[in-house]
Amino acid sequence: MGVKCIHCGEDCGKHPVMWDDKPFCCHGCKTVYQILNEKKLDKYYDIQPMAGIRVEQQEYGDKYAYLDLDEIKEKLLSFSDGGISKIDLFIPTIHCASCIWLLENLYTLNPAVVHSNVNFPRKTVSITFKDQESSLRQLVELLASIHYVPEITLDQLDEKDKKSSDRNLLLKIGVAGFSLLNVMLYNFPEYLPGGDQLEDSFISYFGWLSFVLSLPVVFYSANDYYLSAIKGLKHKIINIDVPITLGVFMLFGQSTFDIFSGNGIGYFDSLVGLVFLLLIGKWYQGKTYQALSFERDYKSYFPVAVTKINEGKEEHIALANLKKDDHILIRNQELIPVDSKILNGSTNIDYSFVTGESIPVPKQKGDMVFAGGRQVGGILELEVIKEVEQSYLTQLWNQDASKRENESTLKNLITKVSEYFTVIILLVAASAGLFWLFVDPSLALFAFTSVLIIACPCALALTIPFTFGSTMRVFGRHGFYIKNTEVIENLNKANTVVFDKTGTLTLNQTMKVEWMGQHLSDHHLAVIKSLASNSSHPLSTTIANSITVKGETSIKDFIEIPAMGITGIADGERINLGSKKFVSGKEDENPESTNVYVFIGDEIKGYFQIENQYRNGLETVIGDFKTKYKMYLLSGDNESEKKNLLPLFGEDTLLQFNQSPTDKMYFIRKLKNEDSNVLMIGDGLNDAGALIESNIGLTIADDIYSFSPACDGIIESSKFNKLYKFIRFTNISMKVVYISFTISFLYNLVGIYFAVQGTLSPLIAAILMPISSVSVVAFATFAISIMARKQLS
């Protein structure tokens, strides 16, 4: 055996290219290896030895010059503003963990790369980069230089999806189906009594026809299995396609030998039928996955609504109903849901949700703003200039780099099982084949092939996505929207619950508001209402809704300080609205109620006294949580509500008031350091830091659906009374997963039991293999639906 290339594993031939005493098959592989070592990225080879793709030497010249054209960049870039651009590229050569690791560490090869994220199933990489430091062309040339060449086509520029892979699969099924019908026809006498009376010349003739018809099936229809198996073996991975490939070639080899030696017509009917049914199973699994797919439904349930201006009046509509040219209002800290143009106002846009960069970009009237930006400043009026892409916000929510990632122990378990599953099956198949070879040679081939075909870890691998996906869909239908399927497992692990008060336990729309202080003119009331309308904080919303005076005043220099208050200038006068400490620098002497003080001009005019109204079902929800979890309450308000909350939470629950957002974050960090799995339930605005710090963060959304990138899930306020049921339902989901695991293992054990006896034909095994996957998927999906009707109705 020749010397293997350190980079790609190919044979180096008689004269390898040497560098640092290491052999390479070509100068291209040597160059990539040098780049990776120079940038201290040699861990690439630790994850998967010889993981690289063979590099063909190439001078790029003007090959990618078209990427410098503005009209091309505009079509390719999904985002470009404030010196930051973002692009999604399809890279078909992504094939292993090393590829993912290298592509997600691109910033070490090019400092202009801010963030890169790989979607392995789709073989795409999403790259955020500083376009003033590196052009799109330079970025693509960098990828090509390390042989991760992006596929950039006219179809991609025109946003057309050809779905060629689906057509290829159907074509292969068609070829296999045509051959199967004819081969079965030629073998028809064999299925009937007296078939052995057929003349030898006819038997031989039908056998040769069957051989000819099997060739396109073996070498075309089934070639995806071989390519996958070869690619895996090349990188020392034994995947599920290895036993399938062995089974196909064993049947083909034995049948071909029988034809050429004149010993019979072989097993071409079983062979062609096996490939046909495998392909049908592959197609059916794909269609089943699409039919039961939670992602499509989930996106349509995505809880984002916007404030639309319709004939001068504000109305709240679902994001899906937003059309081009509509006018919308965006308040401080609200997310911009769609690409728009600023009609009125000036602001700063925080694109950290999109790019990971937290430096706000200043925007003026007439400027364009992108979906996913967070508005930091006064109220904005925008004109929608692009159709809504709700899935784009879902994608952003899932890529949010600020939220820590919790490793899924279940997925780790499946990975470990899958690593050894195929090896064990190969050993069992070989043992069965050898046993029958000495006992009854006529059964050896069927025993060997049937074990290879029937044993499949696919059902095991599909259990988690379908169980958790179905749970995700059920939650969405009941008003609970979660970020991704990992949230379900993490919710089940939670043992400590931390509640915020304002906007979480309290009802914003029904709070009783009373003015205590000097008489306020209609002008001052209008000014206060305009200032409060710029904020989405529950207390600001309550005050704005309580003032019935008509008319609006333009607010300039609007600033909101979390847990303190808001300020702005109207008609040349400074207005402050917030806690007494915020407007006067002194502590509130009247902590018996929630007070929002008003400072206009140069004096404090008084305060709004707000009486909290608690959500329906709060007592039941808190009572349920107390039976299973350790509980805490953190509030930025004073202690005025402590006397009402203590009877609900109990004397043994720690209730902390006057907590700043930073205080809440540090408190949760302390709980985590004590090995608590913390579930934080907050309002999503002031609690962003605490939500990020927690193991899992949920927010409560009132009539105007709020969206916080910091959270892992959003609950409609009308479904608050089901909060405990939602959390406990994750326990049912975990049980369904374990039952599905058991079904999958039992199927494999029973199937292998019959297969090793040589009494199960490969044709039947090929039928049972996809049925096992579909049955496990169906069980998981319908079990979740049935349990949801019982538990969540």
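See the structure above.
Below is a short write-up of the structure. (Residues numbered from 1 in each chain as written. Predicted model: local features only at pLDDT ≥ 70, side-chain atom pairs only at ≥ 80, totals over all residues. Heavy atoms only, no water.)

In this section: the overall build of the protein. Summing up its helical and strand segments, the protein has 28 helices and 28 strands in all. Among the 793 residues that make up the protein, the fraction classed as buried is 52%. (Helix = DSSP H or I, 4+ residues; strand = E, 2+ residues; numbered from the N terminus. Buried < 20%, exposed > 50% of the residue type's maximum accessible area, 1.4 Å probe, protein only.)

Spatially, 3-4-6-5 is the arrangement adopted by the 4 strands of the open sheet, whose pairing is antiparallel. Each end of this open sheet is capped by a strand with a single partner; those strands are strand 3 (77–81) and strand 5 (113–119). For this sheet, the mean angle separating the axes of adjacent strands, direction not counted, is 15°. Pairing between strand 4 (residues 84–90) and strand 6 (residues 124–130): 7 bridges, direction antiparallel. Following the sheet pairing, F90 is matched in strand 6 by T124. (Pairing = 2+ DSSP bridges. Axes fitted to C-alpha atoms, helices over the stretch in contact; angles between N-to-C directions.)

It is worth spelling out the sheet that holds strand 18 (residues 512–517) at this point. The pairing of strands in a sheet comes from backbone hydrogen bonds and takes either a parallel or an antiparallel form. If you walk across this open sheet you meet the 6 strands as 18-23-22-21-20-19, and the pairing is antiparallel. Both edges of this open sheet fall to strand 18 and strand 19 (556–561), since each of them pairs with a single strand only. Neighbouring strand axes in the sheet, compared pairwise and without regard to direction, differ in orientation by 15° on average. In the sheet, strand 19 pairs with strand 20 (residues 565–570) via 4 bridges, with the strands oriented antiparallel. Of the residues in strand 20, the one forming a bridge with E560 is I566. Packed on one face of the sheet, helix 20 (residues 522–533) meets strand 19, strand 20, strand 21 (573–578), strand 22 (594–600) and strand 23 (603–611) and runs near 60° to strand 21. (Contact = heavy atoms within 4.5 Å.)

As a further point, take unusual backbone geometry. Despite not being glycine, D325 shows a phi value in the positive range, around 80°. Judged by relative accessible area, D325 falls into the partly exposed class, the value being 49%. One non-glycine residue with positive phi stands out, namely D557, at about 55°. The topology assignment puts D557 in strand 19.

The nonpolar side chains of a soluble globular protein tend to be buried with one another. Counting residues in hydrophobic clusters, the biggest one holds 48 residues, and the most contacted among them are F499, F625, F649, L679, L698 and L723. A per-element tally of this core places helix 27 (residues 723–755) first, with 10 residues. One finds V242, V272, L278 and I454 within the second-largest nonpolar core, a separate group that totals 45 residues. (Core = buried A, V, L, I, M, F, W, Y, C linked by side-chain atoms within 4.5 Å.)

Looking now at the pairing of strand 15 (residues 380–384). For strand 15, the tally of buried residues reaches 5 of 5 residues, placing the bulk of the element in the interior. Judged by which residues are buried, strand 15 turns out to be covered on both faces: L380, L382 and V384 on one side and E381 and E383 on the other are all buried. Bridge analysis of strand 9 (residues 327–330) against strand 15 gives 4 bridges, and the strand direction is antiparallel. Across the sheet, L329 pairs through a bridge with E381, a residue of strand 15. Bridge analysis of strand 10 (residues 340–344) against strand 15 gives 4 bridges, and the strand direction is antiparallel. By the bridge assignment, K341 is partnered in strand 15 with E383.

Remark: helix 19 (residues 486–493) packs on helix 27, axes separated minimally by 8 Å, with the N-to-C direction vectors making an angle of 110°. Considering their axes alone, helix 19 and helix 27 lie roughly perpendicular with respect to each other. Seen from helix 19, the contacting residues are I488, E489, L491 and N492; seen from helix 27, they are I727, T730, N731, S733 and M734. When the residues that make up the contact of helix 19 with helix 27 are grouped by side-chain class, the tally is 4 nonpolar, 4 polar and 1 charged. (Parallel < 35°, antiparallel > 145°, perpendicular 65-115°, else oblique. Nonpolar A, V, L, I, M, F, W, Y, C, P; charged D, E, K, R; others polar.)

A word on the packing of aromatic side chains. One pass over the full model with this rule turns up 25 aromatic pairs. Summarising the aromatic geometry, the rings of F475 and F726 are spaced 5.5 Å apart at their centres and angled 75° between planes, so their arrangement reads as edge-to-face. Of this pair, F475 sits in helix 18 (residues 458–477) while F726 sits in helix 27, placing them 251 residues apart in sequence. Among the aromatic residues, those joined into a cluster by ring pairs are W208, F211, F219, Y226, F249, F252, F260 and F268. (Phe/Tyr/Trp six-rings, centres within 6.5 Å; stacked < 30°, edge-to-face > 60°.)

Relative to the elements of secondary structure, T506 occurs in the loop between strand 17 (496–500) and strand 18. Not counting residues up to four positions away in its chain, the partners in contact with T506 are K501, M511, N612, Q613, Y614 and R615.

This part covers the pattern of salt bridges. Considering all chains together, one arrives at 12 salt bridges under this definition. With a closest N to O distance of 3.7 Å, D326 and K308 form a salt bridge. Taken together, the residues D326 in the loop between strand 8 (313–318) and strand 9 and K308 in strand 7 (residues 305–310) connect sequence positions 18 residues apart. Taking relative accessible area as the criterion, D326 reaches 12% and is therefore assigned buried. Residue E603 pairs with K605 through a salt bridge whose shortest N-O separation is 2.8 Å. Residue class for E603 comes out partly exposed when judged on its relative accessible area of 32%. (Salt bridge = Lys/Arg side-chain N within 4 Å of Asp/Glu carboxyl O.)

Note on placement: E716 falls in strand 28 (residues 713–716). One polar contact links E716 to Y481, side chain to side chain, over a distance of 2.3 Å. (Polar contact = N/O pair within 3.5 Å; in protein donor to acceptor, adjacent residues only side chain to side chain.)

So, on to the packing of helix 23 (residues 618–628) against helix 27. In the contact formed by helix 23 and helix 27, the axes pass within 8 Å of each other and the chain directions differ by 30°. On the side of helix 23, the interface is formed by V621, D624, F625, T627 and K628, while helix 27 contributes L723, Y724, I727 and R728. A class-by-class count of the residues in the contact of helix 23 with helix 27 yields 5 nonpolar, 1 polar and 3 charged.

A few words now on the environment of F446. Mapped onto the secondary structure, F446 falls in helix 17 (residues 441–454). Considered as a pair, F446 and A755 are 309 residues apart in the sequence and their alpha carbons are 7.9 Å apart.

Attention now moves to a nonpolar patch on the surface. On the surface, a nonpolar cluster with roughly 570 Å² of combined accessible area is contributed by L434, F435, L437, F438 and V439. Among the structural elements, F435 can be located in helix 16 (residues 409–439). The class of F435 is partly exposed, set by a relative accessible area of 47%. (Patch = residues over 30% accessible without salt bridge, like charges linked within 9 Å, V, L, I, M, F, W, Y side chains within 5 Å. Areas by Shrake-Rupley, 256 points an atom, 1.4 Å probe, with all protein chains shown as cover.)

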